[in-house]
Amino acid sequence: MRESLLTIPVNEVFEPREGCPFCRMRDTVEEHICEYIMGAAMMEPDVRIETNLLGFCHTHFLQLLKQNNRLSLGLMLNSYLERMRGDVFGKKAIFVKDKKTEKAEKAGETCFVCSKTEWGMNHMTKTFFVMFRDDKRFQTIFKTQEFICMPHYAWLRGKAESLNKADKALFVAALDELVGNYARQLNSDVDEFCDSFDYRNAGKLRDADMEHVRSSVNRSIYFLTGRSAE
C-alpha cells in the first residue's frame, strides 16, 4: 500500500512494536493538542470559547502543567472559573430542582483535550482499518505488536462494527489472538511474581532473567488502564 499523509502517522505508531500502538497514537494526538492550545491558539476566540465550556480532566491538566507555560494555563483557568461560577453560583443561575447539581457535575465531566483527542483518534483509526484491509504487510505488523491495552481493545471492537462481515471477522480474530495471548502471559508473570514472595523462592526475583516478573505489576496496570504506571 502506497504511503500517504494519512498512512505515515499510523505507520509511525506501529513501528516500535513495543507497548500498545493505540496508546502511542493517543499520546501523539494529546501532545499536539496540548502544545497547540498552550501556544498562540490559547488566545483564539473559538478555542477559548471551547475551553471555557469544556475545561479539562485531571489527566490533561497534568499534561498541560508539563508544558511549563503556567501563564497560558492560568489565563484559561481564569476565564473557565469565571464562566463556571456564573453557571453554578451566579444570580442568573436557574434554581430549578437538581439544576445546580447537574451543572456542578458537568463541570468535572468534560474536557477540551479529551474531545479533540477522540476526534483525532477516530480519523486515524479509520485509516488504520483501511491499511489492515488492503495491506498484507501491515496485517503482519499489527499481529506482531507486543499488545493492545484493554481500553483500546474495547475501542477497536466497537469501531470494527463499521467493517463489512468478512473484514470484521478477519480483524477481530487477529485482535483477540494478540490480546488474549498477552493477557495469558501477563497473568502467568503476575502469578510468578506472587509466588516469589514464598520463603522457598527467596532471592529468586533478583535473578537477571526475572525482569518480566519484576515488571509484571506495572505492566498489568498499563494493560488494564491504557496509562503507564512508570
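Everything discussed here concerns the structure shown above.
This write-up is about the structure you can find in this document. In this text the structure is predicted, and so the values were computed from the model without any measurement.

Each disulfide is one covalent bond, formed between the sulfur atoms of two cysteines. Across all of its chains, the model carries zero disulfides by this definition. The closest cysteine sulfur to the non-disulfide-bonded C23 is located on C149, 3.6 Å from its own sulfur. Using a relative accessible area of 1% as the deciding quantity, one classes C23 as buried. This cysteine, C34, is not joined by any disulfide, and C111 carries the nearest cysteine sulfur, 8.2 Å off. For C34, a relative accessible area of 1% translates into the label buried.

Our focus in this paragraph is the nonpolar core. Counting 48 residues, the largest nonpolar core has F14, F22, F128, F142, I148 and F171 as its most contacted members. With sequence-adjacent residues up to four places away left out, F22 is seen in contact with F14, M121, T125, F128, F142, I148, H152 and L156.

Before going further, it helps to examine the environment of E3. Tracing the backbone shows E3 in the segment before α1 (7–14). Distance in space between the C-alpha atoms of E3 and R48 is 36 Å, their sequence separation being 45 residues. Residues contacting E3, with those up to four places away along its chain left out, are I8 and N11. Within the local environment of E3, its side chain forms a polar contact with the side chain of N11, the two groups lying 3.0 Å apart.

Let us now look at the packing of helix α10 (residues 165–195) against helix α12 (residues 216–225). Relative orientation and spacing of two packed helices are given, respectively, by the angle between their axes and the distance between those axes. Close contact between α10 and α12 brings their axes to 9 Å; oriented N to C, the two are set at 145°. Of the two elements, α10 crosses α12, and the hand of that crossing is left-handed. Contacts between α10 and α12 involve V179, Y182, A183, L186, D189, V190 and F193 from the first element and S216, V217, R219, S220 and F223 from the second. A per-class count over the contact of α10 with α12 returns eight nonpolar, two polar and two charged.

Take the packing of helix α3 (residues 45–54) against helix α7 (residues 112–134) next. It is at 8 Å that the axes of α3 and α7 come closest, and there the two elements cross at 115°. Relative to α7, α3 is oriented roughly perpendicular. Along its contact with α3, which presents V47, E50, T51 and L54, the element α7 presents F112, S115 and K116. Of the residues contributing to the contact of α3 with α7, the split by class is three nonpolar, two polar and two charged.

Rules behind the numbers
- Residues numbered from 1 in each chain as written.
- Predicted model: local features only at pLDDT ≥ 70, side-chain atom pairs only at ≥ 80, totals over all residues.
- Heavy atoms only, no water.
- Disulfide = S-S within 2.5 Å.
- Buried < 20%, exposed > 50% of the residue type's maximum accessible area, 1.4 Å probe, protein only.
- Core = buried A, V, L, I, M, F, W, Y, C linked by side-chain atoms within 4.5 Å.
- Contact = heavy atoms within 4.5 Å.
- Helix = DSSP H or I, 4+ residues; strand = E, 2+ residues; numbered from the N terminus.
- Polar contact = N/O pair within 3.5 Å; in protein donor to acceptor, adjacent residues only side chain to side chain.
- Axes fitted to C-alpha atoms, helices over the stretch in contact; angles between N-to-C directions.
- Left-handed = near helix turned anticlockwise from the far one by under 90°.
- Nonpolar A, V, L, I, M, F, W, Y, C, P; charged D, E, K, R; others polar.
- Parallel < 35°, antiparallel > 145°, perpendicular 65-115°, else oblique.

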